[in-house]
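Structural characterization, general
Here is what each chain is made of, one letter per residue.
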Amino acid sequence: MIFRRRRKAIFRASAIYLAAAVVLLVMAFPLYALVLTSVQPENLMRSRDLQVIPSQIIFDHYQAVLAPGHIVPLRQGMLNSLLVSLCTAAFCVLLALPAAYALARLRVPGSKAILGVLVSVYFLPTTLFLIPMFVVFVGWGLDDTILSLVLTYSGFILPFQIWILKTFIDRLPVELEEAARIDGCTPGQIVRLIVLPLIRPGILAGFVFAFILSWIEFLTPLIFTNSLKISTVALGMFRSTIDIQIGQQAAAAVLTLLPVALVMIVFQRLVTQVMLAGADK
Amino acid sequence: MGNAPLPATVRALAGNQVETVSMKRRGEQMLGLLMAGPALLVVLGIYLYPAVFTLVLSFADYDLVRLSIKRFVGFANFSSLAGNPAFVQATLRTIYFGLLVSAVTTVLAFLIALLLDQKFYGRGLLRVFVVLPWAVPPVVAGVLWGQMFHADVGFVNAMLFQLGLIDSYRIWLGDAWTALHVIAIAEIWKAIPFMVLFFLAGLQSLPQQVFEAAAVDGATATERFRYILVPLMTPVAIPLMLIQFVWAMKAFDTIFVLTRGGPAGGTTTLNYFVYQEAFQSFNLGRASAAAYILLLVTLLTVAVFAFIRIYVDRKWRRA
């Protein structure tokens, strides 16, 4: 009997570890393979023996794609993307913060409807908006500028941003603010001394999400930019899918991925928390 | 006595009070609108105005050089789309692609969540690796799977060849049918983490007593899975599947990177079709019409999902 139970436990454990191994292989191996390709010499990759553990690690591909004047405008693209993403994130937080506070705390006429519209826009295909935006930006002479990207990204990200910040404000007990008011705080002081410090994680989360979403956006810069000068990092990647060595392509992909992955790992807890906050809604 | 008129002073005071309260409320409303205004303005500028503009365009012939509408053509854009077999195929393909991606993602994510819900050594590490693809930008996911399925240097060919499952290297992206599924794999791989997290949260909030009670009553593991776990998780799964479906309908980056809609248009979904019509053929009118058809297809499917959810809820309540 005991023997049998133990055999069952062993069977169960091995089933779990087998499943874990399969999941690990499917989910993590492609990423590993990408990094592997980016640090191996071209001739090794072309050879037909399957090599999963690198016998030789080189950084030539990274050097090549980061060199100025490479056909993949990666260095410039990363700088542009950094600028655009930081601007967008700052702009979004600045606009979303008062909006979220108003929608959470003040009696704004039609606030329910506003929130409904904000959520439902995510069901709509992006191409629906990009055609007229393209026409408008060309009309205003704004096509091929960083400003056009910041404006469009902000429009796409703001609904999500307002929603994130509102969840954080909703979680604050109103009594805190009421107590402060009774103690003689002005509305400005209440926001500055009580609300802002308490929702700092929310602001950080909003900033991080806006940054990531701007960094990875592909379709908007594809349509709005022509000159290489303002090419973003994601767009640079696409140029690299044609006619470049596979190792350099992998290196460019790793460089595109790296900032997002780093941000995500650093803020893992916060990111998960924000995502799951949606489960209540 | 009770009906004695209030002294004039009291009435005046009360009236004043009422007035200040309503003024205060109006002030608050104004302040609220003022605070929400700039954000709403940007959102409306980027969403509502273009959405209306696109609707107008879908009935028009647009001159891209002069940036003006040449003339209105009624339903000509729509009928020309309906008569275009490439468009009809793209529509069907989009629905197939959306259903495939959302269904497979849901099933795999549920199984992975079940695994991560068990206690075993290295669970935390596995969780990190499962969540990681979520951080991968769609473009990079496209490049990454493009390299995995690369005809010459791809690991998929190498592995299958070593295992003896194929006798020569295959050109996966050269055939429309397999290429479409490579794109689906990229989308599924990218989408799994998000759903796993939600399923895990759902699993962890399940009442454990129910399972224990069922085990005491002699229900086998399969029975507990089939009659308790699956019904309890269905309300979690349906909205997730819906969100995933909508996302898959919008897939663009992976298609662009992997196949550019080819070979021979075989991996063109509606979203990609709109892009091609607008920015390669420069027919903004027809592109707009196609964009609205995509919206319509999406909304219809959402409606079907909502209907299923109501049906499941009702069935669940009756049981």
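Residues numbered from 1 in each chain as written. Chains lettered and ligands numbered in written order. Predicted model: local features only at pLDDT ≥ 70, side-chain atom pairs only at ≥ 80, totals over all residues. Heavy atoms only, no water.

**Regarding the domain arrangement of chain A**
Residue and element names in this part refer to chain A. Taken domain by domain, chain A holds domain 1 (2-58) and domain 2 (69-280). Here domain 1 and domain 2 have C-alpha centroids that lie 35 Å from each other. With seven residues of domain 1 at the interface, the matching set in domain 2 holds eight residues. Buried area between domain 1 and domain 2, both sides added, is near 570 Å², and the carbon and sulfur share of it is 78%. Considering only the surface of domain 1 that becomes buried against domain 2, Leu 34, Ser 38 and Glu 42 emerge as the three largest contributors, covering 63% of it. Viewed at the interface, domain 2 and domain 1 are joined by zero salt bridges. Here domain 1 is connected to domain 2 by zero residue pairs in polar contact (both at pLDDT 80 or more). Looking at the side of domain 1 that touches domain 2, the elements that each hand over two or more residues are helix H1 (2-38) and helix H2 (42-46). Residue contributions to the side of domain 1 that touches domain 2 peak at five residues, all from H1. Residue composition of the side of domain 1 that touches domain 2, grouped by class: four nonpolar, two polar and one charged. (Domains from an automatic or database assignment. Contact = heavy atoms within 4.5 Å. Buried area = accessible area lost by both parts, 1.4 Å probe. Salt bridge = Lys/Arg side-chain N within 4 Å of Asp/Glu carboxyl O. Polar contact = N/O pair within 3.5 Å; in protein donor to acceptor, adjacent residues only side chain to side chain. Helix = DSSP H or I, 4+ residues; strand = E, 2+ residues; numbered from the N terminus. Nonpolar A, V, L, I, M, F, W, Y, C, P; charged D, E, K, R; others polar.)

**Describing the interface of chain B and chain A**
Tallying the contact residues gives 85 residues for chain B and 88 residues for chain A. Surface buried jointly by chain B and chain A totals about 7,700 Å² across both partners, of which 81% is contributed by carbon and sulfur atoms. Our count for the chain B to chain A interface comes out at zero salt bridges. On inspection of chain B and its partner chain A, the count reaches seven residue pairs in polar contact (both at pLDDT 80 or more). When residues in the side of chain B that touches chain A are grouped by element, the largest group, 15 residues, is from helix H1 (residues 8-46) of chain B. By residue class, the composition of the side of chain B that touches chain A is 67 nonpolar, eleven polar and seven charged.

**Quick word on helix H2 (residues 48-57) of chain B**
Of all the residues in H2(B), the buried ones are B:Pro50, B:Ala51, B:Phe53, B:Thr54 and B:Leu57. Down the axis of H2(B), the smallest arc covering the buried residues is 165 degrees, so these residues share one side. (Buried < 20%, exposed > 50% of the residue type's maximum accessible area, 1.4 Å probe, protein only. Arc of directions from axis to C-beta.)

**Structural notes on the packing of helix H6 (residues 127-140) of chain A against helix H7 (residues 146-171) of chain A**
Residue and element names in this part refer to chain A. Two numbers describe how H6 lies on H7: the axes approach to 12 Å, and their chain directions differ by 150 degrees. Between H6 and H7, the angle is such that the two are roughly antiparallel. Like other packed secondary-structure pairs, H6 and H7 cross with a definite hand, here right-handed. Contacts between H6 and H7 involve Phe 129, Leu 130 and Phe 137 from the first element and Ser 148, Leu 151, Thr 152 and Phe 156 from the second. Looking at the contact of H6 with H7 residue by residue, the classes come out as five nonpolar, two polar and no charged. (Axes fitted to C-alpha atoms, helices over the stretch in contact; angles between N-to-C directions. Parallel < 35°, antiparallel > 145°, perpendicular 65-115°, else oblique. Left-handed = near helix turned anticlockwise from the far one by under 90°.)

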